[in-house]
There are 12 protein chains.
Amino acid sequence: MANAPITSPLTESDKEVTANALQSTLVDLIDLSLIGKQAHWNVVGRQFRSVHLQLDELVSAARGFTDDVAERANAIGVSPNGKAKTVAESSGVSEYPDNWQSAETTVDAIVERLEQVIRRLRTRIDETDKSDLVTQDLLIEIAQELEKQHWMWQAQQADR
Amino acid sequence: MANAPITSPLTESDKEVTANALQSTLVDLIDLSLIGKQAHWNVVGRQFRSVHLQLDELVSAARGFTDDVAERANAIGVSPNGKAKTVAESSGVSEYPDNWQSAETTVDAIVERLEQVIRRLRTRIDETDKSDLVTQDLLIEIAQELEKQHWMWQAQQADR
Amino acid sequence: MANAPITSPLTESDKEVTANALQSTLVDLIDLSLIGKQAHWNVVGRQFRSVHLQLDELVSAARGFTDDVAERANAIGVSPNGKAKTVAESSGVSEYPDNWQSAETTVDAIVERLEQVIRRLRTRIDETDKSDLVTQDLLIEIAQELEKQHWMWQAQQADR
Amino acid sequence: MANAPITSPLTESDKEVTANALQSTLVDLIDLSLIGKQAHWNVVGRQFRSVHLQLDELVSAARGFTDDVAERANAIGVSPNGKAKTVAESSGVSEYPDNWQSAETTVDAIVERLEQVIRRLRTRIDETDKSDLVTQDLLIEIAQELEKQHWMWQAQQADR
Amino acid sequence: MANAPITSPLTESDKEVTANALQSTLVDLIDLSLIGKQAHWNVVGRQFRSVHLQLDELVSAARGFTDDVAERANAIGVSPNGKAKTVAESSGVSEYPDNWQSAETTVDAIVERLEQVIRRLRTRIDETDKSDLVTQDLLIEIAQELEKQHWMWQAQQADR
Amino acid sequence: MANAPITSPLTESDKEVTANALQSTLVDLIDLSLIGKQAHWNVVGRQFRSVHLQLDELVSAARGFTDDVAERANAIGVSPNGKAKTVAESSGVSEYPDNWQSAETTVDAIVERLEQVIRRLRTRIDETDKSDLVTQDLLIEIAQELEKQHWMWQAQQADR
Amino acid sequence: MANAPITSPLTESDKEVTANALQSTLVDLIDLSLIGKQAHWNVVGRQFRSVHLQLDELVSAARGFTDDVAERANAIGVSPNGKAKTVAESSGVSEYPDNWQSAETTVDAIVERLEQVIRRLRTRIDETDKSDLVTQDLLIEIAQELEKQHWMWQAQQADR
Amino acid sequence: MANAPITSPLTESDKEVTANALQSTLVDLIDLSLIGKQAHWNVVGRQFRSVHLQLDELVSAARGFTDDVAERANAIGVSPNGKAKTVAESSGVSEYPDNWQSAETTVDAIVERLEQVIRRLRTRIDETDKSDLVTQDLLIEIAQELEKQHWMWQAQQADR
Amino acid sequence: MANAPITSPLTESDKEVTANALQSTLVDLIDLSLIGKQAHWNVVGRQFRSVHLQLDELVSAARGFTDDVAERANAIGVSPNGKAKTVAESSGVSEYPDNWQSAETTVDAIVERLEQVIRRLRTRIDETDKSDLVTQDLLIEIAQELEKQHWMWQAQQADR
Amino acid sequence: MANAPITSPLTESDKEVTANALQSTLVDLIDLSLIGKQAHWNVVGRQFRSVHLQLDELVSAARGFTDDVAERANAIGVSPNGKAKTVAESSGVSEYPDNWQSAETTVDAIVERLEQVIRRLRTRIDETDKSDLVTQDLLIEIAQELEKQHWMWQAQQADR
Amino acid sequence: MANAPITSPLTESDKEVTANALQSTLVDLIDLSLIGKQAHWNVVGRQFRSVHLQLDELVSAARGFTDDVAERANAIGVSPNGKAKTVAESSGVSEYPDNWQSAETTVDAIVERLEQVIRRLRTRIDETDKSDLVTQDLLIEIAQELEKQHWMWQAQQADR
Amino acid sequence: MANAPITSPLTESDKEVTANALQSTLVDLIDLSLIGKQAHWNVVGRQFRSVHLQLDELVSAARGFTDDVAERANAIGVSPNGKAKTVAESSGVSEYPDNWQSAETTVDAIVERLEQVIRRLRTRIDETDKSDLVTQDLLIEIAQELEKQHWMWQAQQADR
């Protein structure tokens, strides 16, 4: 098999910038989906059901976007890497605590991790403005959804 | 928050045996789902479309079972752990190769990893026969599906 | 009409053991479904909506299982009895309090009653291991679902 | 928790009349749904399948109406009571016979019990004409469905 | 175009009474749907998700009823008026506060406004008893749903 | 077969009044459904498609109501008669013209016939107020839908 | 409006033959659908539910075919006539008896009327073999369905 | 192509026992599905429709299980054989009579054949208890459904 | 029960010709559906998944047509015979090989058997041209689908 | 690759006649679908919405039939040709005007082009009567739908 | 409760620019949805049905976008304001006329108001190019849909 | 009818640039959809089924985008032209070969043509960056999908 069987519609340098943006987004999103499930299974407390269900919407969004991002990497001629080891080593998201967590701790932990993912995503939206408008458009779409979910998680911190 | 907010219908020793079986199954299945997606994104060659689609059925089954297993852990009073780091450190499944892979290599790699997961699963079916019949029933159901998929992957190696 | 129009695939003694297990399970599950509705209609407080909705999932599961259990009784040649009077007289579930109840009281009451049903169910799983594997399999399936729901109710007691 | 947390859109006397109508309707309908299931599981004879299926339509209607009636009780500031003991003690429907019943006996028993429920319902439609038009409208809707089902059961008695 | 292109099945005086009842109901319901959305977007606090979702059920019911009411106005030969200015000037519902609101404040505000709408609706049910039974029937149906939702909102105030 | 196999929840005189109301409504509605189809197949002109589709909504409503009305007749112990000959002889709706008709003529003909059906229906709503509230409620529901459709047909006559 | 606004793909004589076949089929099918409903509402006896449901399948098929046939008439430039008076005067189906009928009488009456419709239909299939193959194909399709239903009705007469 | 392209998770002796159980179950179930269709097409008499429909539920269940069983054979490394000749030669189900059969004869014939299939299935459940728990679980699931359907067929014999 | 409870719309000689055509088609199609499943379960090789799925489309079409053909036999007053023994003895399709087969062998075997079924079907289309146009139309419809599937199987033999 | 990889169930001369009929029908239908879309995008005027929607039904029918026709060509061993150049060169449908068109002009243009397609189709129905009844049946089905749509377009020309 | 419980991913000045764009878009869209319903209820004339239906597509789009816009405001840390009074005071859309309107007047009024909304929207697309690409992307999506609907309304003005 | 009945939200020069981009995209996409169908019907070889199905996804995407592009042209006041002749004369996609093609040749031909369409699309994305952001957004969305499909086709060339 040839080393690079998929050609790219981009120049070599645009491809490199775009590839980096996509690979790091992929890793962040896979980590977010694993963290979402971990929280989904380990939340306890009066708000259990509400937080439990909302976490599955986060996981569902994150999983859907990992597919979009990995497919986009292929579309620009780059092999995506989403293995457990790669995620454990290069994710930009803080490690989630072990064991059951109260609903309040869970909400705080998700708000904090969503902020990390969003901040890094906004940087990549800027970087891809020159390298590939199609990729940028995908990242914007992801940001729109995650920023919306970020509000919905943050809204739960208001009355403590 | 109390240390162990969920009570168990099992005795302490049965709970320990069952908990180990569930936690290691959880890790194997999460790894299998990540490997399935990695393979889904990186397969190339004439059989691309067929293997690409079949991998999503594997991922879909694996993801569904991770939920069942983690929920069962909770049901017996044990906190499940499915974080990226935990998976990278304790999975019983061989690491998947980096980069694009031909369809043949992909099929071989999946057959091998399914065999690993199934072999370990059958051991745990024996172990839980005494500790918890409800958990055993769940593991048998998982084995039935994975052994069926194992045949479907192996069937593709026959005419080389 | 003949006295026993349905034959049994079991021996007389296996049939008797199995019949007792099924009849008492039937009564417990009908009572659980009535209690679930009573709680669904009478819960009040900040967690109203969340508990109100979750109770309908309990009722839905309980109702589905009463059908499975009564049909299994017929399948082994036994007439099931699920009348109001029978339930009022022979249910193993504690009576539910009258009047509106706060969400916290409701959660506690459901956790306690689920524990009663599960404990009795596990005894019957042991008893039917010799008398009828098909019935045992059904009881295991019911236990799996009720123990899962038990965790979800119990999880809400953690942060008081 | 306050004794009566839900206010009423009715005057105290209208509320009392309406509450009685709703509570007794609730009990009758729960009993009807339990009887319907009992008959569904215990009917035998050439008409088995036809009667078995038709009984589930009766149960489905009865169950749906119990929700409407209990919710209406809440809406006028009254706590509904649908526990097994309450049903066993205060239902206006005759007790259903034990054991398997032929299809003919089943049809006769259902026709008779539907007549009881309908007769009592029509009295309450008159009583609520002054106390609450909204409740009356709900009772009329229930009567329309039960009288229709009553015809369909009675139609089966014609050619004996 | 003629001034009044739609004829009426009612006498002139019945039509006037009925028209007033319908027009003021229309305005109240449009306002209720706008308030529901305003609350849906501005609620914050631990109960955020639960209240956020419940508000969309209120909006959905209110929007459906505005169509029924406006269509009924046409059916009796009257042009309905549901413009923003008309609503702002003639609604019988109190203005909703600006800015984000805690879940508790939101629940209180909705309970209060539902009471206003229901009280006015009950007056119109009396008024249309003589003028148009068909319109009355529609208003009764609306009252039934809003009184049910009123209970569900009020139930959340019980345990403070 | 007995002469009157279905009993009635009404007194003999109430039953007679109600039966007449239902039988004449049944005939009018069947005729309306046949006229609707005749118009559906024979309309021509620029507005063909719009009128053609709208006629099927009229037919669909009319057909649904014939079932409700005939079932209600049975529910009060009366045999409904909806044969072609009965409709041709006793319908209160004017005969529809033969051959293709322009869209304008079609609209006028439908408006006129809907007015006939509605006028007769309103009389029967008055008549059944004393004899049977359940039947009256059904006739009110039919009037609500037909008066709504009447507006929609009449609305098309406005700008000629 | 012109007298014949729709042109025909057929010669004048082929059109006449085909038009007659379609018009008489239309009338028979409308009558069959009215008879089916009349029987559906008036059947009584032990087989009530079974016959009641089967009649609606007959009505549903007949109604669907009336649309096909009337549309085909238009497609060959002929105005279809399906008014109550036309059906009463020109249908080839025997009048259905008044009042409730036992299930046996109902089955016999439907078998007899289906035979009448089928016999006439087979004649028209021969007549249109020369005049219009497209119309013939539609009549064959109708015969296939009605002959199938005829078997299903006749099968019920076998064991008396 | 290699002789045995699919490996087995079982030891050679366990595989042989399990393979025999699966192959004979496969043949019985295919025969049952063919017999079910034969009966479905050839039943006549007053109960035609009811028996005709119920037979399709039997066929549907039987067909679904043949797939499960054949796939399970593959999963343990055995080629399943479901050819017409194999079924005709090795099925354990009695031959079904030729020609149309009355509903009563049909019910008796199905009850008898279901008993044959169930008796043989229960033997295999015992045999696979040692050889393969996963296969046993599948056979238990099949027995549960067939024994339930057996009751439903037998219930129709009660009132002769 | 009478010997021939279903009458025929055909003359005795037309009925005999048509009956033979339908009975032999029924047997061929049942055999084709069994062969399709046998191949579905036993195919191996790189094209496994593609051929495995395509075979289920063949089975699904064949099964659907067996119902149409057997119902048509009844509709012309003939009892259809689709028992395992009848198929094994009178099918016109060659026996399928035992054991797993490579995808290429499978494709060749299906192409060959489809050709056999189609050739025999075309003869029967000619034979029924005089005896029964309705049956001929059904056979034409079956031929259209099988010839289409024949192309799709043959297309896979092109590049060897 | 072989020159003609797909065999034919027809003789060489029947195949040639049938192939010509199918190829020219294919081209006409593709052109009709392109013209339908062109008209769909370019219609303006008061009847815009109605004509715009109706055109999509034409396109949908035409597209569906192109698949049927091209697949039938393959089924008789002929390669279908539906390329833009082939359509532009050999279609029997008049070129559609450029630019926006009023609704009236659009209706006239579609009526005229449908007449062209239908006239040519009827010739081919005659030609294939001897060469291939299966193809003829497909062409008859297409004619039935297009002649129905032709009426619906023509009906709009009636009242100018 | 804190004054501003939701943080923003934007700088203070970018947030202000974006907030203004979103708030004024929200008000315009709510007004558009109210105007759409007002027109939907008050249109009369030959084009009634067509315009009536098309207006609901406008309302449906407008309502969906108000949710997107209000959620985006929250996502950037701004409380959206969509109250009746706010809309009445700050909408950029001209007031809609009172009373029934002919279809022509309705079309003109909608075209004019859509132009107003689009013109203002395009200004905001420019303004947010610097302040927030994610918001800009949402506004572009809204413009795409409204400009498409604007064409469809304008297309109806062409042939007067 | 006026020459340009649809106004534009763009300046004259922006409109011209944008119109050219849209018209040439429209032609390319229609050609792509016709080529996709031609390939769908003419592919042969072992990979037939896989390529056959994948081509329909290409056609489905291309057809959907032609609607979006043509509607966008209208939205900016330009009449789109998608006639067969226009496509044959101005498409930027190479002509597809006649006759059946092997799966390999088909894959190569599609990869090549997708590259042509994508290259031209990327140029137009640059051109519309200044003229119309709304159109640019649509073209970016099309590029994203086609580049993804391009990868999926190219992936199949890797292992030859």
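Values in this document were obtained by computation on a predicted structure and should not be read as measured data.

Calculation rules
Residues numbered from 1 in each chain as written. Chains lettered and ligands numbered in written order. Predicted model: local features only at pLDDT ≥ 70, side-chain atom pairs only at ≥ 80, totals over all residues. Heavy atoms only, no water. Helix = DSSP H or I, 4+ residues; strand = E, 2+ residues; numbered from the N terminus. Rg over C-alpha atoms; globule rule 2.2 N^0.38 Å. Buried < 20%, exposed > 50% of the residue type's maximum accessible area, 1.4 Å probe, protein only. Contact = heavy atoms within 4.5 Å. Areas by Shrake-Rupley, 256 points an atom, 1.4 Å probe, with all protein chains shown as cover. Lys, Arg positive; Asp, Glu negative; His and termini not counted. Charge placed at Lys NZ, Arg CZ, Asp CG, Glu CD. Buried area = accessible area lost by both parts, 1.4 Å probe. Salt bridge = Lys/Arg side-chain N within 4 Å of Asp/Glu carboxyl O. Polar contact = N/O pair within 3.5 Å; in protein donor to acceptor, adjacent residues only side chain to side chain. Nonpolar A, V, L, I, M, F, W, Y, C, P; charged D, E, K, R; others polar. Least-squares fit on C-alpha atoms with pLDDT ≥ 70 in both. UniProt positions renumbered as here; feature names shortened; annotations may be inferred. Axes fitted to C-alpha atoms, helices over the stretch in contact; angles between N-to-C directions. Parallel < 35°, antiparallel > 145°, perpendicular 65-115°, else oblique. pLDDT = per-residue confidence, 0-100. Left-handed = near helix turned anticlockwise from the far one by under 90°. Phe/Tyr/Trp six-rings, centres within 6.5 Å; stacked < 30°, edge-to-face > 60°.

**Q** Outline the overall build of chain A, supporting the account with residue identities and numerical values.
**A** For chain A, the count of helices and strands is five helices and two strands. Starting at the N terminus and walking to the C terminus, you meet the elements of chain A as α-β-α-α-β-α-α. Rg of the C-alpha trace for chain A: 17 Å, near the compact-globule value of 15 Å for 160 residues, within the 12% margin. Over its C-alpha atoms, taken along the principal directions, chain A stretches across nearly 55 × 30 × 20 Å. The buried share of chain A, reckoned over its 160 residues, is 66%. Within chain A, residue pairs in contact and separated by at least 24 positions form 80% of the contacts whose partners lie at least 6 positions apart. Taken as a whole, chain A presents about 5,100 Å² of accessible surface, with 45% of it coming from carbon and sulfur. Charged side chains in chain A number 16 positive and 26 negative. The centres of these two groups are separated by 3 Å.

**Q** An account of the interface of chain B and chain A is needed here, citing residue identities and associated values.
**A** Of the residues lining the interface, 39 residues belong to chain B; the matching set on chain A comes to 39 residues. Contact between chain B and chain A buries roughly 3,200 Å² in total, counting both sides, with carbon and sulfur atoms accounting for 58%. Here chain B and chain A share eight salt bridges between them. With a closest N to O distance of 3.5 Å, K85 of chain B and E95 of chain A form a salt bridge. Taken together, the links from chain B to chain A amount to 24 residue pairs in polar contact (both at pLDDT 80 or more). Counting only elements with at least two residues in the side of chain B that touches chain A, the list comes to helix 1 (12-42), helix 2 (48-75), helix 3 (84-90) and strand 2 (101-102) of chain B. The biggest single contributor to the side of chain B that touches chain A is helix 1 of chain B, with nine residues. Here the residues of the side of chain B that touches chain A are counted per class, giving 18 nonpolar, 13 polar and eight charged.

**Q** Describe the interface of chain E and chain K, naming the residues involved and giving the relevant values.
**A** At the junction of the two partners, chain E supplies 39 residues and chain K supplies 39 residues. Interface area, chain E with chain K, both sides summed: about 3,200 Å², of which 58% is carbon and sulfur. Broken down residue by residue, the surface that chain E buries against chain K is led by W41, K83 and W100 of chain E, which jointly contribute 27%. The tally of links between chain E and chain K comes to eight salt bridges. Among the salt bridges present, the one from D67 of chain K reaches K37 of chain E, with a minimum N-O distance of 2.8 Å.

**Q** If you had to explain the relation of the copies chain B and chain A to someone new, which residues and values would you point to?
**A** Each copy of the chain is related to the other by a rotation around an axis and a translation along that axis. Expressed as a screw operation, the relation of chain B to chain A combines 0.0 Å of axial shift with a rotation of 180°, fitting to an RMSD of 0.0 Å. Here the transformation between the copies is reduced to the relation of a two-fold axis. In terms of C-alpha distance to the rotation axis, chain B has A84 of chain B as its closest residue, with the C-alpha 2.9 Å off the axis.

**Q** Describe the UniProt feature "domain: Ferritin/DPS" (unreviewed entry) in chain A, with residues and values.
**A** Under the feature "domain: Ferritin/DPS" (unreviewed entry), the UniProt entry names residues 20-156 of chain A. Spanning residues 20-156 of chain A, this segment combines 80% helix with 3% strand, and its end C-alpha atoms are found 34 Å apart.

**Q** Account for unusual backbone geometry, naming residues and giving values.
**A** Residues and elements named next belong to chain D. A positive phi angle is found at N99, which is not glycine, with a value near 70°. Along the chain, the position of N99 falls in the loop between helix 3 (84-90) and strand 2 (101-102). Note on N99: relative accessible area 44%, which makes it partly exposed.

**Q** Account for the packing of helix 2 (residues 48-75) of chain E against helix 5 (residues 133-154) of chain F, with residues named and values stated.
**A** Between helix 2 of chain E and helix 5 of chain F, the shortest axis-to-axis distance is 8 Å and the interhelical angle comes to 70°. As far as their axial angle goes, helix 5 of chain F and helix 2 of chain E are roughly perpendicular. The residues of helix 5 of chain F that touch helix 2 of chain E, namely those facing E71, R72, N74 and A75 of chain E, are Q144, E147, K148 and W151 of chain F. Of the residues assigned to the contact of helix 2 of chain E with helix 5 of chain F, the class counts are two nonpolar, two polar and four charged.

**Q** Hey, could you go over the confidence of the model for chain A for me, with residue numbers and the actual values?
**A** With 98% of its residues at a pLDDT of 70 or more, chain A shows a mean pLDDT of 96. Predicted as a complex, the structure gets a pTM of 0.96 and an ipTM equal to 0.96.

**Q** Describe the relation of the copies chain E and chain K, and please don't skip the residues or the numbers.
**A** Under the fitted operation, chain E is carried onto chain K by 0.0 Å of movement along the axis and a turn of 180°, and the coordinates agree to an RMSD of 0.0 Å. Both copies present the same face, since 100% of the interface residues in chain E are matched by interface residues at the equivalent positions in chain K.

**Q** Lay out the packing of helix 1 (residues 12-42) of chain J against helix 1 (residues 12-42) of chain L in plain terms, naming residues and giving numbers.
**A** Where helix 1 of chain J contacts helix 1 of chain L, the axes come no closer than 13 Å and their chain directions differ by 155°. Taken together, the axes of helix 1 of chain J and helix 1 of chain L are roughly antiparallel relative to one another. Judged by the twist between their axes, the crossing of helix 1 of chain J over helix 1 of chain L is right-handed. Residue-level contacts link L26, I30, L34 and W41 of chain J of helix 1 of chain J to L26, I30, L34 and W41 of chain L of helix 1 of chain L. Residue classes in the contact of helix 1 of chain J with helix 1 of chain L are distributed as eight nonpolar, no polar and no charged.

**Q** Residues and numbers for the packing of aromatic side chains, please.
**A** All chains considered together, the criterion is met by 12 aromatic pairs over all chains. Consider the rings of F48 of chain C and W151 of chain E, whose centres lie 5.9 Å apart with planes at 70°: the pair is edge-to-face. Highlighted residues: F48 of chain C in helix 2 (residues 48-75) and W151 of chain E in helix 5 (residues 133-154), drawn from two different chains. F48 of chain C sits in the buried class, given a relative accessible area of 1%. Using a relative accessible area of 0% as the deciding quantity, one classes W151 of chain E as buried.

**Q** Can you lay out the pattern of salt bridges for me, pointing to particular residues and giving the numbers?
**A** Per the counting criterion, the structure on display carries 222 salt bridges over all chains. Here the residues in one salt-bridge network are R46 of chain A together with E104, D108, D159 and R160 of chain C, joined through shared partners.

**Q** Explain the environment of H40 of chain L residue by residue, including any values.
**A** Among the structural elements, H40 of chain L can be located in helix 1. Measuring from C-alpha to C-alpha, the distance between H40 of chain L and G77 of chain L comes to 35 Å, with 37 residues separating the pair along the chain. Setting aside chain neighbours within four positions, we find H40 of chain L in contact with D67 of chain J together with H52, L55 and D56 of chain L.

**Q** Outline the environment of V44 of chain D, supporting the account with residue identities and numerical values.
**A** Residues and elements named next belong to chain D. Along the chain, V44 turns up in strand 1 (residues 43-44). The class of V44 is buried, set by a relative accessible area of 0%. Note: C-alpha distance between V44 and A103 (59 residues apart in sequence) is 5.8 Å.

**Q** Can you break down the side chain of E147 of chain B residue by residue, with the values?
**A** Looking at where E147 of chain B falls in the secondary structure, it is placed in helix 5 (residues 133-154). Side chain to side chain, E147 of chain B and R72 of chain H meet in a polar contact 2.7 Å long. Setting aside residues no more than four positions away along its own chain, E147 of chain B makes contact with I118 and R122 of chain B together with P9, R72 and A75 of chain H.

**Q** Report on the side chain of S102 of chain H, specifying residues and quantitative values.
**A** Residues and elements named next belong to chain H. Summarising the element assignment, S102 is placed in strand 2 (residues 101-102). On the basis of relative accessibility, which here comes to 15%, the residue S102 falls in the buried class. A distance of 2.8 Å separates the side chain of S102 from the side chain of T105, its partner in a polar contact.

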